[in-house]
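Breakdown of the fold
Take a look at the letters that make up each chain.
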Amino acid sequence: MHYHTIIIGAGPAGLFAAQELGKQNQKVLVLEKNQEAGRKLLVSGGAQCNFTHSGSVTDFFDRYGEHGKFIKKALLTFTNEDTIHFFENEGVATYVREENNKVFPKSHKSADIRGALLQSCKKHNVLIKYNQTVKMIKVYDGIFTLETEAGDRYFSDNVIIATGGKSFPHLGCTGDGYVLASSLGHTIVEPRPALTYVTTHERNFCELSGISFKNAQITLWHEKKKITERIGSLLFTHKGLSGPVILDATRWIVPGDQITVNYLYPLSYEEARKRFAEEIPVRGKESVVNYLKNYNLPRSFCEVVCESIGVLPEQSCARLSKKEREDLVSKLTKCEFNLSGTGGMNSAMVTAGGITLKEVNPTTMESRKQKGLYFAGEVLDIDGDTGGYNIQAAFSMGYLCAKSITKNKK
């Protein structure tokens, strides 16, 4: 029952680390609390599993908020191209979606990604035990003792905690890794939902649920201080806002924040103000709503915008006052939403927060507090944008763990 390495969690990070260690003829055990591996992986990307992105690996560094520097070593050690080659070598044909460079299995089945990981683990003699919830880790004289809820005990020279975060708790992601890391002296940054929708106090756009804008600019404000500015696809929902541009910003959002939206991007407020001042007065009998169609805005959206500033959509441009014109520009380029919250852990694709990165060596993924203890994946305080960046990070961190453990083999 003594292993060279025990990995807690059979998600993408844990399985990738396991099969890499297995290739080096290490005695590896994976302990998984669920009845099967990779439950969250199976539902990722709408069960199609967007497992990486095809852009340059250097483009990845800005996709993890302020933590891109930490993940840099892992991504350079095992790149997105390495990931694609790995799965193709395991028999999984892949394809790149042209409009956004997301990479998927050609079959559109996430089960193929999981299957390839399990196939590689089996091929390299990795033992996976299911229904094994680790409740305690102790270390004495360089040897780790792990005890499960079932009362089983296992011993190892190294441990990798790859239990994931707290998003999708119904799939078994309940933050077990935080408890285990804390018991070994690690600090936990409060877990928060990320890659989820936001709810707003404003309800005037709720009737437009399902309408999207391909190139909107959002600015996030916290206590009147600008937090971030992002550009991308925006979606109205019956509760507030969603779409990639919102999902990627949720790592920073707390209730009470504000978001301003520019639907006319790349036009700025001043540019739109000048253009409207030049164009509207000469439009004569043309209705305001028809004029706005020149900016490729949905008619139903334009109608709601007009009504929100007290202007009838069919009112002629000639009758639009200077104040109404200015209000129209503001609503289209600086539309303010007061945020009441986010979608929560049940709908969040990933977890922001987790084991603080200050206590983990980014060149090895080893704990700075306990020799032989490693971390990989979402259990750490790092989360990526939507588009395959989180799963790629899991693979890269898992690989770096395995490489570091092999190098330091006892």
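Here the structure is shown first, and the text comes after it.
I will try to describe carefully the structure that is included in this document. (Residues numbered from 1 in each chain as written. Predicted model: local features only at pLDDT ≥ 70, side-chain atom pairs only at ≥ 80, totals over all residues. Heavy atoms only, no water.)

Before going further, it helps to spend a moment on the sheet that holds strand 16 (residues 335–342). Strand order in the closed barrel formed by six strands is 11-14-13-12-15-16, and the pairing between neighbours is antiparallel. When the angles between neighbouring strand axes are averaged without regard to direction, this sheet yields 45°. Note that strand 13 (residues 225–236) and strand 14 (residues 240–242) share two bridges and pair antiparallel. If you follow L235 over to strand 14, its bridge partner there is S242. Sheet contacts for helix 11 (residues 322–333): strand 15 (258–262) and strand 16; angle to strand 15, the most-contacted strand, approximately 110°. (Pairing = 2+ DSSP bridges. Helix = DSSP H or I, 4+ residues; strand = E, 2+ residues; numbered from the N terminus. Axes fitted to C-alpha atoms, helices over the stretch in contact; angles between N-to-C directions. Contact = heavy atoms within 4.5 Å.)

What follows is about the packing of helix 8 (residues 269–279) against helix 11. In contact at an axis separation of 10 Å, helix 8 and helix 11 are set at 145° when each is read in the N-to-C sense. The handedness of the crossing between helix 8 and helix 11 comes out as right-handed. In this structure, helix 8 contributes Y269, A272, R273, F276 and A277 to the contact, and helix 11 contributes R325, E326, L328, V329, S330, L332 and T333. A per-class count over the contact of helix 8 with helix 11 returns seven nonpolar, two polar and three charged. (Left-handed = near helix turned anticlockwise from the far one by under 90°. Nonpolar A, V, L, I, M, F, W, Y, C, P; charged D, E, K, R; others polar.)

Take helix 1 (residues 12–23) next. With 12 residues, helix 1 ought to run about 16 Å at 1.5 Å a step, and its terminal C-alpha atoms sit 17 Å apart, in line with that. Looking only at helix 1, the buried set comprises P12, A13, G14, L15, F16, A17, A18, Q19, E20, L21 and G22. Backbone geometry just downstream of helix 1 places N25 in the positive-phi region, at approximately 60°. (Expected span 1.5 Å × (residues − 1). Buried < 20%, exposed > 50% of the residue type's maximum accessible area, 1.4 Å probe, protein only.)

As summarised here, the arrangement of the three strands in space is 3-5-4, forming an open sheet in which the pairing is antiparallel. Two strands close off the open sheet at either side, each with one partner strand: strand 3 (52–53) and strand 4 (94–97). Summarising the sheet, strand 4 and strand 5 (residues 102–105) pair through four bridges and their orientation is antiparallel. Bridged to Y95 within strand 5 is F104.

Another point: the side chain of S316. Along the chain, S316 falls in the loop between helix 10 (299–308) and helix 11. Excluding residues that lie within four positions of it along the chain, S316 makes contacts with G284, K285, E286, S287 and V288.

On to the state of the cysteines, then. In this structure the tally under the stated criterion is zero disulfides. With no disulfide of its own, C49 lies 14 Å from the sulfur of C173, the closest cysteine sulfur. This cysteine, C306, is not joined by any disulfide, and C302 carries the nearest cysteine sulfur, 6.7 Å off. A relative accessible area of 0% means that C306 is categorised as buried. (Disulfide = S-S within 2.5 Å.)

As a further point, take the pairing of strand 2 (residues 28–31). By the alternation rule, side chains of strand 2 split into V28 and V30 and L29 and L31, which are all buried. Looking at chain direction, strand 1 (residues 2–8) and strand 2 are connected through four bridges and run parallel. Its bridge partner lying in strand 2, I6 is registered against L29. Of the strand pairs in this sheet, strand 2 and strand 6 (residues 127–129) are connected by three bridges, and their pairing is parallel. Each residue of the ladder has a partner; that of L31, found in strand 6, is K129.

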